[in-house]
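# Geometric and topological summary
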Amino acid sequence: MSEIPLNEEIYINQLLALKDLEYITNIISYDNAKKYKYVIFATKKGTIKKTNIKEYLGSTRKTGLIALKVREDDELVY
């Protein structure tokens, strides 16, 4: 992201507009992400989603992308 200043600490919520109960579970660099073909999400109650990583590369929207909608009684574990 070109919005990230060099040699300066900032909070992720300054870059992404997260809604209530939304949180980040993992961040990988663009260069590392290009090495992989898929991203896999798994919830505590057994929902699994496998997506081509190309779906997420290059997104610069401040609102981000919704990769997986998790039910209120469930949570992302992987």
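Conventions adopted
- Residues numbered from 1 in each chain as written.
- Predicted model: local features only at pLDDT ≥ 70, side-chain atom pairs only at ≥ 80, totals over all residues.
- Heavy atoms only, no water.
- pLDDT = per-residue confidence, 0-100.
- Helix = DSSP H or I, 4+ residues; strand = E, 2+ residues; numbered from the N terminus.
- Salt bridge = Lys/Arg side-chain N within 4 Å of Asp/Glu carboxyl O.
- Buried < 20%, exposed > 50% of the residue type's maximum accessible area, 1.4 Å probe, protein only.
- Pairing = 2+ DSSP bridges.

## A few points about the confidence of the model for the protein
Considering every residue of the protein, the mean pLDDT works out to 82; 90% of them sit at 70 or more. Looking across the protein, the model is least confident in helix α1 (residues 30-33), with a mean pLDDT of 80, and most confident in strand β2 (residues 48-52), with 94.

## Brief notes about the pattern of salt bridges
All told, the structure shown has three salt bridges when counted by the stated rule. The partner of Glu 75 in a salt bridge is Lys 44, and the shortest N-O contact between them spans 3.6 Å. You can see Glu 75 sitting in the segment after β2 and its partner Lys 44 sitting in the loop between β1 (38-42) and β2, a full 31 residues away along the chain. When its relative accessible area of 36% is taken as the criterion, Glu 75 is described as partly exposed. Lys 45 serves as the salt-bridge partner of Asp 73, at 3.0 Å between the closest nitrogen and oxygen. Of the two residues, Asp 73 is situated in the segment after β2 and Lys 45 in the loop between β1 and β2; the sequence distance between them amounts to 28 residues. Like Asp 73, the residue Lys 45 is exposed in the burial classification.

## A word on the pairing of β1
Sheet topology places β1 next to β2; five bridges connect them, and they run antiparallel. Looking at the pairing, Phe 41 lines up with Lys 49 of β2. Connecting β1 to the next strand, β2, in antiparallel fashion are five residues, including Gly 46 with a positive phi near 105 degrees.

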